[in-house]
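Overview (structure and organization)
Each chain, letter by letter, is given below.
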Amino acid sequence: MSELYLRSRWFEDLPVGEFHVFGAHTFSELEMIEFSQLYAPQPEYTDPVAARSLRHGGLVAAPWHVVAIWMQMMVSYMERYAHGVQDGRRNGAGVRVENIEWLEPVRPGHTIAYTYEIIDKSETIVRDRWSIIRSRNEAFNQYGDKALSFEIDILAERAPR
Amino acid sequence: MSDAISLAAGQTMTSSPIKFSAEEIIIFAKQFDPQPYHLDASAAEKSIFGGLCASGWQVAALTSRLVNEVLKQACVPVIDVDRVANMRWQRPLLVDESIHVVVTIESVNNHRTEPNYRSLALNVSVNNARQQRVAEMQCDVAIDKELAS
């Protein structure tokens, strides 16, 4: 992938309408089970045999696992474009997430592509130097079916004046 | 609907707590949310949060786990979370703090897409041991229609 930006960007540099496919991940049975044993210990996520007779007819990724991989992809994406920022990032902490919907089960071997689009910016200043960016985030499986959708508000650092 | 569910709007349940050790916070963060305030105590002290704290997604996942546990204890045949209308992170969850959830049933509904299930709309308050709110979540969970009586 070629570099998209020449510089690290402040809140002011991020336009509404910006859209990226920022990562893709293939889920393995092992990682699905490892996640679920710690965070979602239910047989539809941890036991491939028992899962056959449960809701989805087979093992699926825990809902928050699909979202955790979004975060993993997003951190890696943000780091790639945070040129020259001392601690490696200028965007970060989420304050609110809305309308999370898990629309299709994610099964072992499925490859999920994650997209985001900036849909709104609030000029309100938080703790002296941050403002909020709202993005719509979606994830699609290898058939093109939407598996996940949500909107999130994250803090972005404002340019020094 | 002929299948009566012995659940009513307004009903409230409180879960047992889960504690977050530094090790557990860092294990999650390394894999899914590798930002300095979730990985490194000295970097975290200089951050917006003021100390090493758990990823909001670790809090979210364990909130759903606690919600499922407290519903099961109340004999509700819960499947899992289906939709989160809104979640707000209001306070960082620092090392060795614990969370518990206070779950209020807002409404009992038919499931939107799967006729074998019903859906509970819940309001979930995620509190620390000092009863300060760490996060708040409005969510829908699917429940097994056959077993809900």
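Residues numbered from 1 in each chain as written. Chains lettered and ligands numbered in written order. Predicted model: local features only at pLDDT ≥ 70, side-chain atom pairs only at ≥ 80, totals over all residues.

On to the overall build of chain A, then. Scanning chain A for helices and strands turns up 3 helices and 5 strands. In chain A, the order of α-helices and β-strands from amino to carboxyl end is β-α-α-α-β-β-β-β. Within chain A, buried positions represent 32% of all 161 residues. Across chain A, the fraction of contacts at a sequence separation of at least 24, relative to all contacts at a separation of at least 6, is 67%. (Helix = DSSP H or I, 4+ residues; strand = E, 2+ residues; numbered from the N terminus. Buried ≥ 20, exposed ≤ 12 C-beta atoms within 10 Å, placed from the backbone. Contact = placed C-beta atoms within 7 Å.)

Taken together, the contact pairs 25 residues of chain A with 25 residues of chain B. Mapped onto the side of chain A that touches chain B, the elements with two or more residues apiece are helix 3 (63–80) and strand 2 (91–102) of chain A. Split into classes, the residues belonging to the side of chain A that touches chain B amount to 13 nonpolar, 5 polar and 7 charged. (Nonpolar A, V, L, I, M, F, W, Y, C, P; charged D, E, K, R; others polar.)

Taken together, the buried positions of helix 1 (residues 22–32) of chain B are occupied by Ile25(B), Phe28(B), Ala29(B) and Phe32(B). Taken down its axis, helix 1 of chain B places every buried residue within 95° of arc, on the same side. Every exposed residue of helix 1 of chain B that faces more than 90 degrees away from the buried side is listed here: Glu23(B) and Lys30(B). Buried residues along helix 1 of chain B sit against helix 3 of chain A together with helix 2 (36–39) and helix 4 (56–73) of chain B. (Arc of directions from axis to C-beta.)

Residue and element names in this part refer to chain B. Secondary-structure assignment places Glu-97 in the loop between strand 3 (78–89) and strand 4 (98–110). Given 20 C-beta atoms within a 10 Å radius, Glu-97 is considered buried. Expressed as a C-alpha distance, the spacing of Glu-97 and Ser-21, which sit 76 residues apart in the sequence, is 7.7 Å. Not counting the four nearest positions on each side in its chain, Glu-97 is found in contact with Phe-20, Asn-128 and Ala-129.

Across chain A, the average pLDDT comes to 90, with 91% of residues at 70 or higher. When the elements of chain A are averaged for pLDDT, strand 2 of chain A gives the smallest value, 89, and helix 2 (residues 43–46) of chain A the largest, 98. (pLDDT = per-residue confidence, 0-100.)

Here we come to the confidence of the model for chain B. All names here are of chain B. Mean pLDDT over chain B: 91, with 95% of residues reaching 70 or higher. The least confident element of chain B is helix 3 (residues 41–45), whose mean pLDDT is 85; the most confident is helix 4, at 97. Interface predicted TM-score (ipTM) for the complex: 0.93; the corresponding pTM is 0.93.

Inspection of helix 1 (residues 29–39) of chain A places Met32(A), Phe35(A), Ser36(A) and Tyr39(A) among the buried residues, and these make up the whole buried set. Viewed end-on, helix 1 of chain A has its buried residues packed into an arc of 95°, placing them on one side of the element. Residues of helix 1 of chain A that are exposed and point over 90 degrees away from its buried face: Leu30(A) and Gln37(A). Buried-residue contacts for helix 1 of chain A involve helix 2 and helix 3 of chain A together with helix 4 of chain B.

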